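# An overview of the molecular structure
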Amino acid sequence: MNTYPTIDKDEIDLKEVFSTLNRYKYSIIIFMIVFTIGSAVFAYFTPNVYEAATTIELQREDPRLRGDNSDTMALALAGNSANLEDEQYIIQSRFLAEKVLAGLDIGTRYFTKRNYRTVELYRASPFLVTAKTLDKRLNGTRFYMDMLGSDRFILRMTPDIEIRERLLRQFGFIEAPADEPKPYEDIHRFGEEIVTGWFSIKIEKIVDPVEKEYSFSITPNEAMHKFINEGLSTALASENGSILKITFQDNVALRAKQVLSALIERYLQQELEEKTLEADRALAFIDAQIAEINKDVERTQGQLEQFRAKHTIVDTGQQAMITAQNMAEYESRLQTLEIESSILKNVQEFVNTGKDLAGISLGSAGATDPALAQMIQQFQENMMARQSLLVEFTELHPDVIKLTETINSLKSSIKYTLKNDLRIIEERKQKLQQYISKYQRSLEALPENERRLANLTRNTTVNEKVYNYLLEKRAETAILSSSTISKTRVLDSVLLPKLPIKPKRLFIILVGMILGLIVGVASAFLRSFLDDTLKTAEDFDKISTIPLYGAIPQRKNKRGYSQFEEAMRVLRTNLQFVGGTKKSKIVALTSSISGEGKTIIAVSLAKMIAATGKKVIILDLDMRRSRMHEEFNITNKIGVSSVLSGSNTLEEALQKEVLENVDVITSGPKPPNPSELLVKEGFEQLIQTLSEKYAYIIFDTPPIGLVSDAMILLKTADIGLIVTRANYSKKAYLKNVDKFSKEHDLNNLGFILNGIESSKRHGYGYGYGYGYGSSKGYYE
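All of the points below concern the structure found in this document. (Residues numbered from 1 in each chain as written. Predicted model: local features only at pLDDT ≥ 70, side-chain atom pairs only at ≥ 80, totals over all residues. Heavy atoms only, no water.)

## Structural notes on the overall build of the protein
Rules: Put simply, DSSP H or I for four residues or longer makes a helix, DSSP E for two residues or longer makes a strand, and each gets a number counted from the N terminus. Exposure is judged per residue with a 1.4 Å probe applied to protein chains only, and the accessible area is read against the type maximum: over 50% gives exposed, under 20% gives buried, and values in between give partly exposed. Pairs of residues are marked as contacts when any of their non-hydrogen atoms sit within 4.5 Å. Only the protein chains shown count as cover for residues, and all accessible areas are computed by the Shrake-Rupley method using a 1.4 Å probe.
The secondary structure content of the protein amounts to 24 helices and 21 strands. Burial analysis of the protein (780 residues in total) assigns 44% to the buried set. Summarising the internal contacts of the protein: among those between residues at least 6 apart in sequence, 78% fall at separations of at least 24. Roughly 41,600 Å² of accessible area belongs to the protein as shown, and the carbon and sulfur atoms make up 53% of that amount.

Okay, here's the thing in structure tokens:
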């Protein structure tokens, strides 16, 4: 059973984290710089947004909440109580926006470029554009003007087409309409009428243009309600309060102030109009009633005077007068009920025929059933809220559906309540009729002249009471109508914004820099995760049980070369502790693939061992791709292949003193079967002969991952060194070698990590728990 190092996956190796960050520090910095520059560019070109603000207090009062329901005419004049949610809908409604646009022209917008940024001019434009006709497909399309002096310009226009539609046209799925506006470009003068098949405009100069390029867009002013609604917002100052904060955001400070000021002005104006209309409606109702009663008063008074002139009445006592007075009182009440019944039947007619109840007022009938008045008020409020919602949404929107259900429920309740109230009024009328009939019978018992006089007196008294009551209420209503003021109070007037609220440029740049850091760090860890190459000595401890004998730095400069030599001395020292006490040690160097530096390591190791006075011989056993002779700049005509094949003797192949105490046998001519030569007895005899003369025999073998020659030589050697290269060799190779050593019982293997950067050499050892200290502290 193979055993491999185990690592807790949940454990965070801080050293590895900082190592990864340090390895990719330049890419992280580049990400930060790129994102910071990108966010700075975005912040620079994002237009300023100014906010105009105001606060209003809603103070409308409902007489029904005063606790006095006896004054039926006051109930008739009562307005709706303040509902902040409804008022918010009204303020943000298209209805109010259209009223604002009726007195404010903002449909034509003017632009220019300053310091590469597009700036809207608004009232500061040097020219004025008026459009006689404009194809609706050109609404909002930008027209460009390139100035050719102070009076002439090039006018350019390209119709806006949605990206989806443009792509469909390019791929031939749809065709452009025949009457579609075409791009336009021509030279014109100020004051000239420009007429095409899609627009007719006139551009008049106000002052001489300063910039070289201008642009403008035209949208029908009445269609700018969406522009107002998008910039407008309302918020409650407190949850249960009556103060509303209204803000409007725009790229132009002056326009933000003007739009919000006009909005508040129109809001207060429509509120006064609504109250005045309600009072006028009440006055019209009272005047109609007064006219009718006035006729009755004049008629009954005339009849009474004529009767008194023709007849001499004998006083029949106090009983006749009391009877007449009581009848007058009951008939006055009966007439009041008739008025209330008439109003309720009028409302019932509106409900049954499906007419709008928005303008209905109960008048004096509201005193009979305050609950009905409250239901009609709620109905009107919900109708207004629904109309406001329909400006932005369809009838299928959940809020609209909910309000529709509420309105239908209220309508059903109103129908039922009206029917019930009319029934109660009829019952009261019947009672009054009974009392009147009783007194009528009492009067009939009197003499005829006295009875007629009592009847005339009674009618006159009834009409005078009703007439006086109506005159009193008309006076009150007229006073209210003439003194109608808004109960909405503006607390903070609209001021011209001085500084923009958006964009917060420093914040955007800071966010961009932080985002760049996050992306850079994430990219570093992603690259580290996807990078399957060896980096440091710690990788060997985590992946393989085979010891690491040396960590060899790159030779980039003089300092690196010095570190390289010192690392080779450490490798030489480590090899002295392995391989037993044999007189001659055989060291085989191989690699996973070519390019990992095994030949250079073999040559450098031979030099270091020879520097101690020991004889060393290097055998180039990579007979398929020999490079040893190039390193020493010697001939390769006779070599190992020549000796093993019997073509030449050992003495003929041996090249002595290539370096001091270093002899070399090159690979020789390339044989057709290198593996077969290595398993012959001649190879064992060759090694045995060399062991008697040399303290170290170094094999430069083929890569172990490519051919089988290295496997044969590793079993022959006392020490098998597998050379890997940092940022080049794969981590998976270490696992394969570990598995290979167990399967073939190779206990003499060790790794060399070549080509590491000096800052990444975190120390190394030679196995069995021995170490040689920290290379970082030792070398640097």
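## Details of the packing of helix H2 (residues 25-45) against helix H13 (residues 505-530)
Between two packed helices, the angle of one axis relative to the other and the distance separating the axes together describe the packing. Put simply, the rule reads: In this analysis, axes come from line fits to C-alpha atoms, helices being fitted only over the stretch in contact, and the angle between any two N-to-C directions falls in the range 0 to 180 degrees. Just so you know how the angles are binned, under 35 degrees is roughly parallel, over 145 roughly antiparallel, 65 to 115 roughly perpendicular, and the rest oblique. Helix crossings are classified by the rotation of the near helix relative to the far one: an anticlockwise turn of less than a right angle makes the crossing left-handed, while a clockwise turn makes it right-handed. Any residue outside Ala, Val, Leu, Ile, Met, Phe, Trp, Tyr, Cys, Pro, Asp, Glu, Lys and Arg is labelled polar, Gly included; the first ten of those are nonpolar and the last four are charged.
The interhelical angle for the contact between H2 and H13, taken along N-to-C directions, is 150°, at an axis separation of 7 Å. Here H13 runs roughly antiparallel to H2, going by the angle between their axes. The crossing of H2 and H13 is right-handed. Classifying every residue of the contact of H2 with H13 by side-chain character gives 16 nonpolar, seven polar and two charged.

## Points about the nonpolar core
The condition is simple: By nonpolar core is meant a set of buried Ala, Val, Leu, Ile, Met, Phe, Trp, Tyr and Cys residues that side-chain atoms within 4.5 Å join together.
Among the nonpolar cores identified, the biggest contains 45 residues, and Leu 619, Ile 665, Leu 690, Ile 697 and Phe 699 are the most heavily contacted of them. Beyond its immediate sequence surroundings of up to four residues, Leu 619 is in contact with Val 640, Ile 665, Leu 686, Ile 687, Leu 690, Ile 697, Ile 698, Phe 699 and Asp 700. Of all hydrophobic cores here, the second largest spans 32 residues; its members include Tyr 549, Ile 552, Ile 609 and Ile 618.

## Re the sheet that holds strand E3 (residues 117-120)
The strands that make up a sheet are held in pairs by hydrogen bonds between backbone atoms, and each pair lies either parallel or antiparallel. Counted only if it meets this: Between any two strands, at least two bridges found by DSSP are needed for them to pair.
The sheet built from six strands is open, its strands ordered E3-E2-E10-E5-E6-E7 with antiparallel pairing. Looking at which strands have only one partner, the edges of the open sheet turn out to be E3 and strand E7 (184-189). The sheet shows a mean angle of 25° between the axes of neighbouring strands, direction not considered. Relative to strand E10 (residues 213-218), strand E2 (residues 108-114) runs antiparallel, the two sharing five bridges. By the bridge assignment, Thr 108 is partnered in E10 with Ile 218.

## A word on the side chain of Arg 572
Filter applied, for reference: A residue counts as positive if it is Lys or Arg and as negative if it is Asp or Glu; His and the chain ends are not included. By salt bridge we mean one thing: a side-chain nitrogen of Lys or Arg within 4 Å of a carboxyl oxygen of Asp or Glu.
Looking at the element boundaries, Arg 572 is found in helix H15 (residues 558-575). Despite its burial, Arg 572 pairs with no opposite charge; the closest candidate is Glu 566, at 7.5 Å N-O. Those residues in contact with Arg 572 that lie beyond four places of it in its chain are Leu 605, Met 608, Ile 609 and Thr 612.

## Re the packing of aromatic side chains
Defined as follows: Between rings of Phe, Tyr and Trp, where Trp is taken as its six-membered ring, a pair exists when centres lie within 6.5 Å; planes separated by under 30 degrees are stacked, by over 60 edge-to-face, and by other angles tilted.
The tally for this structure, following the rule as stated, stands at 13 aromatic pairs. Taking 6.2 Å as the distance between ring centres and 70° as the angle between the ring planes, the aromatic pair formed by Phe 227 and Phe 248 counts as edge-to-face. Taken as a pair, Phe 227 in helix H7 (residues 225-231) and Phe 248 in strand E12 (residues 243-250) lie far apart in primary sequence, 21 residues in all. On the basis of relative accessibility, which here comes to 1%, the residue Phe 248 falls in the buried class. With 5.3 Å between their ring centres and 50° between their planes, Phe 540 and Phe 751 make a pair best called tilted. Here the residue Phe 540 occupies a position in helix H14 (residues 538-543), and Phe 751 occupies one in strand E21 (residues 749-756), the gap between them amounting to 211 residues. Per residue, the accessibility class of Phe 540 equals that of Phe 751, and both read buried.

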